[in-house]
Amino acid sequence: MTAVLTVENLSTFFKTEKGIARAVENVSFSVEEGEMLGLIGESGCGKTTVAQSILRLIEFPGKVVAGSVHLNGRDLLKASDSELDSLRWKDLSVIPQNAMNALNPVYTIGDQIMEAILLHERVSKREALARTKTLLELVGIDGDRWKSYPHEFSGGMKQRVAIAMSLACSPKLVISDESTTGLDVLTQAQVIALIKNLQRKMDLSVILISHDLPMVTAICDKIAIMYAGKIVELASTEDILNDTRHPYSKALLQATPDLSDPDREVISIPGSVPNLVNIPQCCRFHTRCAFAFDRCRKETPEFREVKNGHFSACFLEEEENG
Ligand code: SF4
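In this text, all values refer to a predicted model and were calculated from it rather than measured experimentally.

A.B. asks: Help me get a handle on the sheet that holds strand S5 (residues 74-75), residues and values and all.
C.D. replies: Taken in spatial order, the 4 strands make up an open sheet running S2-S1-S4-S5, and their pairing is antiparallel. Two strands bound the open sheet, and with one partner strand each, they are strand S2 (19-32) and S5. One ladder, built from 8 bridges, connects strand S1 (residues 3-16) with strand S4 (residues 62-71); its direction is antiparallel. Directly across from Phe 14, in S4, lies its bridge partner Gly 62.

Next comes the structure, spelled out in structure tokens:
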């Protein structure tokens, strides 16, 4: 498989009154063609900051301080604003967290999707309209409803429109950032099923950002688990479930109810996430880890490959294997 996106040693920091918050540090992963990567972790772990860094949407007092982001071989962090503008719809697009904010209430949904097409591709209005209708059909909305305004749709349908819009210029990579937030459980499931269906049908590469571990394990090919600004484990979904290596990943799985095994005890993770301002250089999970030992409080574990395509950042493996 070919990597569509490669992120290497990405670090994004924020200046705060209390010091530098290392919101994302040394994050590395790739997304292959037609692959769905789940980026998962608790609130504030840096998932959205990773997405915003990839999209170059980090604003002062934040800054991408190190690393590279290659999309089909082009370094997004070095691209000019105009290059980025053309890449953003044609190669890379976003399904936003809240379609209410993404859709302009004074324009029809058709006009908004057509505008995205006409701004980025040389096509006639007639062709843009035909494509808009096809896109709406693709997300399960009657193409003739292109003349409707956002307020005429339910939350779930607005989210479908946002998905259609993200696909307007046939991107290769789509980032879905908690795109079912605010929807009821049934609609969430429908929207997620739609994203999965489109990914398969269009051979899309997708980064699915979520804190919903069961959902991510159900539909993603590969999972990156973040804790306090770092990826602590990255592996195929099968390995994350059946050959979990990092103590945080294990704790996260144990803290998540399993609907297929309702008798399994749910064990919450003790303690709280460290403050990212002036965080010491050591394992960020050490205050909550049941396996922590001296070294964990003094050194930072390297994010390294523990078996083919399976990465983890923990000293235990090294200590056990000598
Ligand atoms: Fe736990 Fe140490 Fe591994 Fe960190 S490095 S996860 S504290 S065992």
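A.B. asks: Please provide a residue-by-residue account of helix H5 (residues 125-138), values included.
C.D. replies: With 14 residues, H5 should reach 20 Å at 1.5 Å per residue; the first-to-last C-alpha distance of 20 Å fits that figure. Of all the residues in H5, the buried ones are Arg 131, Thr 132, Leu 135 and Leu 136. Down the axis, H5 shows its buried residues gathered within 140° of arc, on one side only. The outward face of H5, more than 90 degrees from its buried face, is lined by the exposed residues Arg 126 and Thr 134. The secondary structure elements touched by the buried residues of H5 are helix H4 (109-120) and helix H6 (155-166). At the C-terminal side of H5, Gly 140 shows a positive phi close to 85°.

A.B. asks: An account of the UniProt feature "domain: ABC transporter" (unreviewed entry) in the protein is requested, with residue identities and associated values reported.
C.D. replies: Within this structure's numbering, the places UniProt gives as "domain: ABC transporter" (unreviewed entry) are residues 5-253. In residues 5-253, the share of helix is 39% and the share of strand is 29%. The end C-alpha atoms are 27 Å apart.

A.B. asks: With reference to specific residues and values, describe the site of the ligand.
C.D. replies: For the ligand, the full set of nearby residues is Pro 247, Cys 283, Phe 285, His 286, Cys 289, Phe 291, Ala 292, Cys 296, Pro 301, Cys 314, Phe 315 and Leu 316. By residue class, the composition of the shell around the ligand is 11 nonpolar, 1 polar and no charged.

About the thresholds
- Residues numbered from 1 in each chain as written.
- Predicted model: local features only at pLDDT ≥ 70, side-chain atom pairs only at ≥ 80, totals over all residues.
- Pairing = 2+ DSSP bridges.
- Helix = DSSP H or I, 4+ residues; strand = E, 2+ residues; numbered from the N terminus.
- Expected span 1.5 Å × (residues − 1).
- Buried ≥ 20, exposed ≤ 12 C-beta atoms within 10 Å, placed from the backbone.
- Arc of directions from axis to C-beta.
- Contact = placed C-beta atoms within 7 Å.
- UniProt positions renumbered as here; feature names shortened; annotations may be inferred.
- Near = placed C-beta within 6 Å.
- Nonpolar A, V, L, I, M, F, W, Y, C, P; charged D, E, K, R; others polar.

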